[in-house]
Amino acid sequence: MRRDVMDTSEMMRNQVKISDENRVMLSGSQREGFRLKGSDMDLMFWSNNHRVIWELSQSQYYNTHRQTLILCDCSDSPPGFTLLYLLSPSMYKDIQRYCVRMYNRHYISSSKYREITCSTLSLTNSTPHGPCATGTVRTLEYDQAYCFFSDFWPPSASSWIDRCHSWPQPHIVDDIVKNGCHFVAIGHKLGSHENHEWRISFSLAEQKLVCAMNHCQFLTYGLLKLFLTEIINNGLDDDDKLLCSYHMKTAVFWVIQQNAIPHWCPQNLLGGFWVCFKLILKWVYEGVCPNFFIPDNNMFLSKIHGEAQHQLFVRLYGLYEKGLAFLLHSSSIRSYIINVLYNPRLSICTDEHTLISETKFDANLFEEMWRENALSTLDLLSCMSYLHIIDQMICSPLLTQYQILMLQKLTANVLHATAFIINMEMYTHKNKLIYRVDKISCYMLKLAAKFGYITDMLYIAMYYYKTLRYMEALSIIEVIKVKLAQPYVMYRYNVNTEMYTDAVGGQFWSTKMRQAVSGDIILYTRIHYISELIPEQQSALQNGWPGLHVPPFTLLYMLEILCYRHVDTMGAQTAPDDLQTLLHIDQGQLIPLPYRDISWQILGICQQVTGNLQDALYSYQQSLKQDRFNKIYTATEMRIHEIC
């Protein structure tokens, strides 16, 4: 489910025309479907206007006026690494900054490329780490790698194709080969040109291989990741961690392909883990970890050798002597093992379809959709492109139920954005045109509300408020209040399981989403929704944040207060009390902790517009004390200065 949701949103983002034709791909454990505590987010970026080829004859497939071609030179590099040189001048002058001159050619220096891209394109709090810029957004660690892409499979990995007799299946092999590879900006430490070499990356191929695993193989891979994090590397500094998650993944790939385990089934989970562990132990003993695609590339060569190799082997062999009991040191799985030890007759259900309740699965599904529902570019042309792509994708008979649902939610998001954008762009035109645009905007918003979340109706209320239809906005607000008051409504992971099951259990996910799910509202910084929040949007934009994330009840109360101000002065005076009470008593259920900054800010705005300046000042001060998730502190300080 997670993979399908991520695939759909990534497909959407990468098919829309954006600046410099940039492409982005989520890789690593997040993309593979894991949600393990402490896992980071790995992102790969590359320009679609640059293509790497392996031989000159491949240049015939490209329009060199539109795409800059880069040729590989592996003649003097270790296996798995290559030099890259420009075949023709790039249309982007910036690429000349990355080049060094060798052998009368302009080679793209990986160290220069890494240094410049990590400092100019990455988030401000990032630091170089290997080929990536690494950093933290709140509690989530990320790695951003800026790379190049080739449509062609590396000749040095051709032997891998010949090895694929039993796994993966031929159609998966064909798909992997036709999707090429990437090049990340890091050289081999023992190579002749470490500062200029590039490592061949098979991240996309690895994603497809992980998807080709059966359930037990995937669980084995997950168990190895926990074993690495919680036993082998537990308590070690980063510099002392010799084994990494990639070594675990490589071990699983080799064990599956070599048919080292006759039956991959849940009952044999620990047996599969033990075979993989022994292979890793053998690799450490020999000092050789062969890359799965290019076996001549020994991934231990530059780090696991000499005394470090000996100490690691002694440590792993000590675990080997203890047997599988060493897994008791893993905090994540200790309790499961202890339960079985205490009760040998205990039967643990390992059927993937019955491990999780319907309600819990739905909560995870809608949370995944929320994580992936943001749009990357927002202007009228992009919105039209999004809708065109959705129209093409939705006709595919190969879509899964999760992909269809994700497309449904993305459609609602595009319709919201389009409605407000055309309203922004047409307000200076003649009355007749404005009337027609208004009708189209209203139709889009109502259509989105028919198959989005319950809270998607808030966009209608915002639009009515923006276009001075206060009574219509209040009417919509009352409808939303009634819907959100139902005891079965799900918000994030907060849900009454019994009520939810009774109300919508067993129904289609599209029905559940429309009738029983609420979600946060994203107010993109480049679209004006309501004038009272423009300073906050500008603040977020200045601080590099793409949109305000507002809890639905916060926005609901704000709109109610703003509308009452025009139709019922007394109601406007008392309405802020509801939001103030909610902020004081809520423990994160209706106003998540990251969004308390915008919620206090909105309360302050409501108090300020109703003339309660002292309370507004207090609310703004509270906003400054919260986690600065929405990056609105510039606007907060401005509003405090205004009052003072």
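What comes next is a walk through the structure. Small disclaimer: the values here were computed from a predicted structure and weren't measured.

### With respect to the overall build of the chain
And then number 1: A count of helices and strands for the chain gives 26 helices and 16 strands.
And then number 2: Taking 644 residues into account, the globule formula puts the C-alpha radius of gyration at 26 Å, and the chain, at 28 Å, falls close to it.
And then number 3: Taken along its principal axes, the extent of the C-alpha atoms in the chain is 80 × 70 × 50 Å.
And then number 4: Long-range pairs, those at least 24 residues apart, make up 67% of the contacts in the chain with a sequence separation of at least 6.

### With respect to helix α25 (residues 613–625)
And then number 1: Between the first and last C-alpha of α25 there are 19 Å, a value that for 13 residues agrees with the 18 Å anticipated at 1.5 Å per step.
And then number 2: Here α25 has its buried residues at Ala616, Leu617, Ser619, Tyr620, Gln622 and Ser623.

### Overview of the nonpolar core
And then number 1: Formed by 97 residues in total, the largest nonpolar core has its most connected members in Phe366, Met369, Met462, Met558 and Leu559.
And then number 2: The element that contributes the greatest number of residues to this core is helix α14 (residues 401–426), accounting for 12 residues.
And then number 3: If sequence neighbours within four positions are ignored, Met369 has contacts with Val5, Leu405, Met406, Lys409, Tyr453 and Met513.
And then number 4: Of all hydrophobic cores here, the second largest spans 86 residues; its members include Ala185, Cys216, Phe227 and Met248.

### So, helix α12 (residues 358–371)
And then number 1: Look at α12: 20 Å from first C-alpha to last across 14 residues, which is about the 20 Å you get at 1.5 Å a residue.
And then number 2: Along α12, the residues classified as buried are Thr359, Asp362, Ala363, Asn364, Leu365, Phe366, Glu367, Glu368, Met369 and Trp370.

### Considering the packing of aromatic side chains
And then number 1: Scanning the model with the defined rule gives 46 aromatic pairs in all.
And then number 2: Aromatic pair Phe227 and Phe273: ring centres 5.4 Å apart, planes at 90°, arrangement edge-to-face. With Phe227 in helix α7 (residues 215–232) and Phe273 in helix α9 (residues 269–286), this residue pair connects regions lying 46 residues apart in the sequence. For the pair Phe227 and Phe273, a shared accessibility class is recorded, and that class is buried.
And then number 3: Centroid distance Trp600 to Tyr618: 6.0 Å. Interplanar angle 80°. Geometry classified as edge-to-face. In this pair, Trp600 sits in helix α24 (residues 596–609) while Tyr618 sits in helix α25, placing the two residues 18 residues apart along the sequence.
And then number 4: On the basis of relative accessibility, which here comes to 3%, the residue Trp600 falls in the buried class.
And then number 5: Exposure remark for Tyr618: the relative accessible area of 39% places this residue in the partly exposed category.
And then number 6: The ring centre of Phe292 lies 5.1 Å from the NZ or CZ of Arg163, which sits over that ring.
And then number 7: Against the face of Tyr453 rests Lys409, its NZ or CZ located 4.8 Å from the ring centre.

### Quick look at the environment of Ile605
And then number 1: The residue Ile605 is located in helix α24 in this model.
And then number 2: A relative accessible area of 1% places Ile605 in the buried class.
And then number 3: Residues Ile605 and Arg66, 539 residues apart in the sequence, show an inter-C-alpha distance of 50 Å.
And then number 4: Leaving out residues up to four positions away in the same chain, Ile605 has contacts with Glu532, Leu533, Glu536, Met558, Tyr620 and Arg639.

### Quick notes on the side chain of Thr610
And then number 1: Summarising the element assignment, Thr610 is placed in the loop between α24 and α25.
And then number 2: The exposure class assigned to Thr610 is buried, which follows from its relative accessible area of 12%.
And then number 3: At 2.9 Å, the side chain of Thr610 forms a polar contact with the backbone oxygen of Cys606.

### Let's talk about the pairing of strand β16 (residues 547–550)
And then number 1: Residues Gly547 and His549 of β16 are buried on one face, and the alternating residues Leu548 and Val550, pointing to the opposite face, are buried as well.
And then number 2: Bridge count for strand β15 (residues 521–524) against β16 is four bridges, and the pairing is antiparallel. By the bridge assignment for β16, Tyr524 is matched with Gly547.

### Remarks on the packing of helix α5 (residues 170–178) against helix α6 (residues 203–212)
Between two packed helices, both the angle of their axes relative to each other and the distance between the axes serve to describe the pair.
And then number 1: At a closest axis distance of 9 Å, the pairing of α5 and α6 adopts a crossing angle of 165°. With respect to α6, the axis of α5 lies roughly antiparallel. Between α5 and α6 lies a crossing of right-handed hand. Between α5 and α6, the contacting residues are Ile172, Asp175 and Ile176 on the first element and Ala205, Lys208, Leu209 and Ala212 on the second.

### Re the pairing of strand β6 (residues 99–102)
And then number 1: Sheet topology note: the β6/strand β7 (residues 105–108) ladder contains four bridges and is antiparallel. In the sheet register, Val100 faces β7, and the bridge partner there is Tyr107.
And then number 2: Here β6 folds back onto β7, and the loop between the two strands holds two residues, one of which, Tyr103, carries a positive phi near 50°.

### Section: the pattern of salt bridges
And then number 1: Evaluated as defined, the whole model comprises 21 salt bridges.
And then number 2: One salt bridge connects Lys409 with Asp456, and the closest N-O pair in it is separated by 3.4 Å. Of this pair, Lys409 sits in helix α14 while Asp456 sits in the loop between α15 (431–451) and α16 (458–466); the two residues are 47 residues apart in sequence, bridging distant segments of the chain.
And then number 3: Across the pair Arg639 and Glu536 runs a salt bridge, and its minimum N-O distance is 2.6 Å. Placement of the pair is Arg639 in helix α26 (residues 633–643) and Glu536 in helix α20 (residues 534–542), with a sequence separation of 103 residues. You'll find Arg639 and Glu536 in the same group, each marked buried.
And then number 4: A single network of salt bridges, built from pairs that share partners, joins Arg2, Arg35, Glu368 and Arg371.

### Focus on the side chain of Thr554
And then number 1: Tracing the backbone through its elements, the reader meets Thr554 in helix α21 (residues 552–567).
And then number 2: Setting aside residues up to four positions removed in sequence, Thr554 forms contacts with Leu579, Ile591, Ser599 and Ile602.

### What about the environment of Ser29?
And then number 1: Checked against the element boundaries, Ser29 lands in helix α2 (residues 28–32).
And then number 2: Judged by its relative accessible area of 7%, Ser29 falls in the buried class.
And then number 3: For the pair Ser29 and Thr554, spaced 525 residues apart in the sequence, the C-alpha separation amounts to 34 Å.

### Here's the deal with unusual backbone geometry
And then number 1: At the junction of Trp167 and Pro168, the peptide bond is cis and its omega measures out at -10° in the coordinates.
And then number 2: The topology assignment puts Pro168 in the loop between α4 (158–163) and α5.

### Side note on empty space enclosed by the protein
And then number 1: As enumerated under the stated definition, the model contains three cavities of 30 Å³ or more in all.
And then number 2: If you add up the space inside the largest cavity, you get close to 140 Å³.
And then number 3: Forming the walls of the largest cavity are 16 residues, and the residues nearest its centre are Lys409, Asn413, His416, Tyr459 and Ile522.
And then number 4: When contributions to the lining of the largest cavity are tallied by element, the ones reaching two or more residues are α14 and β15.
And then number 5: Along the lines of polarity and charge, the residues of the lining of the largest cavity split into eight nonpolar, five polar and three charged.
And then number 6: Put simply, the second largest cavity is a space of about 100 Å³.
And then number 7: Taken together, Phe366, Glu367, Trp370, Tyr453, Met490, Tyr491, Arg492, Val517, Ser518, Gly519 and Asp520 make up the lining of the second largest cavity.
And then number 8: Secondary-structure elements contributing two or more residues to the lining of the second largest cavity are α12, β13 (490–491) and β14 (517–518).

Thresholds, definitions, all that
- Residues numbered from 1 in each chain as written.
- Predicted model: local features only at pLDDT ≥ 70, side-chain atom pairs only at ≥ 80, totals over all residues.
- Heavy atoms only, no water.
- Helix = DSSP H or I, 4+ residues; strand = E, 2+ residues; numbered from the N terminus.
- Rg over C-alpha atoms; globule rule 2.2 N^0.38 Å.
- Contact = heavy atoms within 4.5 Å.
- Expected span 1.5 Å × (residues − 1).
- Buried < 20%, exposed > 50% of the residue type's maximum accessible area, 1.4 Å probe, protein only.
- Core = buried A, V, L, I, M, F, W, Y, C linked by side-chain atoms within 4.5 Å.
- Phe/Tyr/Trp six-rings, centres within 6.5 Å; stacked < 30°, edge-to-face > 60°.
- Lys NZ or Arg CZ within 6 Å of the ring centre and 35° of its normal.
- Polar contact = N/O pair within 3.5 Å; in protein donor to acceptor, adjacent residues only side chain to side chain.
- Pairing = 2+ DSSP bridges.
- Axes fitted to C-alpha atoms, helices over the stretch in contact; angles between N-to-C directions.
- Parallel < 35°, antiparallel > 145°, perpendicular 65-115°, else oblique.
- Left-handed = near helix turned anticlockwise from the far one by under 90°.
- Salt bridge = Lys/Arg side-chain N within 4 Å of Asp/Glu carboxyl O.
- 1 Å grid on protein atoms, 1.4 Å probe; cavity = no way out; pocket = protein on both sides within 12 Å on 5 of 7 lines; lining within 4 Å.
- Points joined across faces, edges and corners; volume = space filled by probe spheres on them.
- Nonpolar A, V, L, I, M, F, W, Y, C, P; charged D, E, K, R; others polar.

In short, shape yes, function no, at least from these values alone.
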